[in-house]
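# Fold and contact review
Each chain, letter by letter, is given below.
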Amino acid sequence: MNAPLYRPPSPELDRLLRPLFHAAAPSGGAAVVVIRGDERTVACRGHAVRSTEHPVRADTRFELGSVTKTFTGLLLAEMAARGEVRYDDPIDRYLPADAAPGYPQERPITLLHLATHTSGLPRLPDGVVPGQAPRWFTHPYATFGPAHLLRALPRTAVRGTPGAQVRYSNLGCGLLGLLLANAAGQRYDDLLAARVCGPLGLMDTSCGPGREEDAGYRRGRRVPSFRLPALPAAAALRSTADDMLRYLQAHLALDAVPLPEQADSVVLRTALNEVRRPRTGGRRGGPRICLGWNHRALPAPTVPAPTAPASLSSGDADPGENGPGGADEVIYHAGATRRSTAFVGFSPRAQVGLAVLAGGLPLRSRGLVQSAYDTLRTLIAEHGEG
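Remember, it's a predicted structure, so these values are computed and weren't measured experimentally.

## A short note on the overall build of the protein chain
Each helix and strand in the protein chain was counted, giving eleven helices and 13 strands. Scored against the burial criterion, the 386 residues of the protein chain give a buried share of 56%. Of the contacts formed within the protein chain by residues at least 6 apart in sequence, a portion of 71% connects residues at least 24 apart. Of the roughly 15,800 Å² of accessible surface on the protein chain, 53% is carried by carbon and sulfur atoms.

## Digging into helix α1 (residues 11-23)
A rise of 1.5 Å per residue sets the reference length of α1, with its 13 residues, at 18 Å; its end C-alpha atoms lie 19 Å apart and thus fit the reference within 8%. Helix geometry: α1 is bent most strongly at Leu17, by close to 40°, with proline Pro19 lying one to four residues after it. When we look at burial in α1, the residues that qualify are Leu13, Leu16, Leu17, Leu20, Phe21 and Ala23.

## Digging into the nonpolar core
One finds Phe71, Leu76 and Leu175 to be the most contacted residues of the largest nonpolar core, which totals 74 residues. By size, the runner-up hydrophobic cluster in this structure holds 28 residues, among which are Phe21, Ala24, Leu298 and Ala358.

## Quick notes on helix α6 (residues 170-184)
Taking 1.5 Å as the rise per residue, α6 with 15 residues should run 21 Å; its terminal C-alpha atoms sit 22 Å apart, in good agreement. In terms of burial, α6 is largely enclosed, as twelve of its 15 residues are buried. Among the residues of α6, Asn170, Leu171, Gly172, Cys173, Gly174, Leu175, Leu176, Gly177, Leu178, Leu179, Leu180 and Ala181 are the ones counted as buried. Those residues of α6 that are buried lie in contact with α2 (68-81), α3 (111-115), α5 (146-152), α7 (188-200) and α8 (232-235). A distance of 3.4 Å separates the backbone nitrogen of Leu171 from a side-chain oxygen at the start of α6, and that oxygen is part of Ser169. Backbone geometry just after α6 places Gly185 at a positive phi near 70°.

## Quick notes on the packing of aromatic side chains
Aromatic ring pairs are described here by two measures, namely the spacing of the ring centres and the angle between the planes. Considering all chains together, one arrives at five aromatic pairs under this definition. Residues Tyr247 and Trp293 carry aromatic rings whose centres are separated by 6.3 Å and whose planes lie at 25° to one another, so their mutual orientation is stacked. Taken together, the residues span a long stretch of sequence, with Tyr247 in helix α9 (residues 241-252) and Trp293 in the loop between β9 (288-289) and β10 (294-297) at a distance of 46 residues. Each member of the pair, Tyr247 together with Trp293, is buried. An aromatic cluster is defined as three or more aromatic residues linked by ring pairs; in this entry it consists of Phe71, Tyr247, Trp293 and Phe346.

## Quick notes on the environment of Tyr188
Residue placement: Tyr188 occurs in helix α7. By relative accessible area, Tyr188 is classed as buried at 5%. Once you skip the residues sitting within four places of it in the chain, Tyr188 turns out to touch Thr68, Thr72, Leu75, Gly177, Ala181, Cys207, Pro232 and Ala233.

## Some details on unusual backbone geometry
The backbone phi angle of His117 is positive, close to 60°, even though this residue is not glycine. Inspection of the secondary structure assignment puts His117 in the loop between α3 and α4 (128-132). Among the residues examined, His117 registers a relative accessible area of 7% and is labelled buried. Positioned with a positive phi, Gln351 is a non-glycine residue whose angle comes to about 55°.

## A closer look at the side chain of Thr280
Along the chain, Thr280 turns up in the loop between α10 (262-275) and β9. Classification of Thr280 by relative accessible area gives buried; the value is 14%. A polar side-chain atom of Thr280 sits 3.1 Å from the main-chain amide nitrogen of Ile289. With residues up to four places along the chain from it excluded, the contact list for Thr280 reads Thr116, Thr118, Val166, Arg288 and Ile289.

## With respect to the packing of α2 against α7
One can describe the packing of α2 onto α7 by two numbers: an axis separation of 10 Å at closest approach and a directional angle of 85°. It follows that α2 is roughly perpendicular to α7 by the angle criterion. On the side of α2, the interface is formed by Thr68, Phe71, Thr72, Leu74, Leu75, Glu78 and Met79, while α7 contributes Tyr188, Leu191, Leu192, Arg195, Val196, Cys197 and Leu200. Here the residues of the contact of α2 with α7 are counted per class, giving ten nonpolar, two polar and two charged.

## Considerations on the pattern of salt bridges
For the structure on display, the rule yields 18 salt bridges. Close ionic contact of Glu39 with Arg36 constitutes a salt bridge, the shortest N to O distance being 3.1 Å. For the pair Glu39 and Arg36, a shared accessibility class is recorded, and that class is buried. Here Arg238 and Glu63 are joined by a salt bridge, their closest N and O atoms 3.5 Å apart. Pair noted here: Arg238 is in strand β8 (residues 238-239) and Glu63 is in strand β5 (residues 62-63), with a separation of 175 residues, a long-range link. Since its relative accessible area comes to 2%, Arg238 is described here as buried. Since its relative accessible area comes to 2%, Glu63 is described here as buried. Through salt bridges that share partners, Glu78, Arg82, Glu84 and Arg195 make up one connected network.

Basis of the calculations
Residues numbered from 1 in each chain as written. Predicted model: local features only at pLDDT ≥ 70, side-chain atom pairs only at ≥ 80, totals over all residues. Heavy atoms only, no water. Helix = DSSP H or I, 4+ residues; strand = E, 2+ residues; numbered from the N terminus. Buried < 20%, exposed > 50% of the residue type's maximum accessible area, 1.4 Å probe, protein only. Contact = heavy atoms within 4.5 Å. Areas by Shrake-Rupley, 256 points an atom, 1.4 Å probe, with all protein chains shown as cover. Expected span 1.5 Å × (residues − 1). Bend = angle between axes of the 7 residues up to and from the residue. Core = buried A, V, L, I, M, F, W, Y, C linked by side-chain atoms within 4.5 Å. Polar contact = N/O pair within 3.5 Å; in protein donor to acceptor, adjacent residues only side chain to side chain. Phe/Tyr/Trp six-rings, centres within 6.5 Å; stacked < 30°, edge-to-face > 60°. Axes fitted to C-alpha atoms, helices over the stretch in contact; angles between N-to-C directions. Parallel < 35°, antiparallel > 145°, perpendicular 65-115°, else oblique. Nonpolar A, V, L, I, M, F, W, Y, C, P; charged D, E, K, R; others polar. Salt bridge = Lys/Arg side-chain N within 4 Å of Asp/Glu carboxyl O.

Written out as structure tokens, the structure reads:
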């Protein structure tokens, strides 16, 4: 598929993006995608690999971290649209008989609970944390594979009643990917490529490291690629600015994405509408949860009183309600690994989208995500005024 058509940022947009690039780690480089109506922009700064001074380009691959969850939510919606699974299917249906976690049988955990962080499962599976310590700054999860996960599930405690409360869970979303793979009889990577990435033209989006990508550094040493063999559906994807532009276009207007078959178009249109529909209420001022996405209704364009930003229990920043206002909504997710920070967000009503991919140290991730969220809200407000 040909590269998407876009242009460099205008002077006005360049000024708007300047604080965002400043918030990115200067040693890692960054790529930013902006969609405003019919306008498409990709802007890159810095170097992907410090030792070779290779500049960041639109085809430089970055680790997406928890933005992967939005792809897993879309895969669930796609399979549900085909009738291959149902949102209310109990997870036991797609697990070995002896691998289900313990929970009250009168209200089983469903696929929807996993996608909306309401399963009651903890953030990580039992037994994974002790194994992280010796490899905390290199490959903390690399030795915890699918077999370890299936052995850990029966002794993983469920907190509360499934569906009752939002508790962010990498385990839940990673398990969802495993169950969808079991339902389809394919590996998660292959299933995602066939059902989502391939039809949408995301040719450089996958779980494997593949060709050279961005490089993170800690104390002058290069940080290895992130590996999550047990839970790839939670945080293992890599992608490029080119692919994130296509991904945003699909969520804003599927007609902008050429599809190989009409049947795929109908299924994906249904799935893309489903993923952005809120499934839970906001908790203590926090976002509502869609299928893999966070959702916030933006206030009317007044001067709101400042509020403290909320925080996602995943460690990814939730930017809260700071920033410029607009009578609209914003759908977004952020992710971070030890090499990269990613933010993807959009407003269907305003037809505005923003994706930020940045390399470098994770200590700057929270500030970068807040800056990305504020920039997206500014784009929404200014596009609405225009």
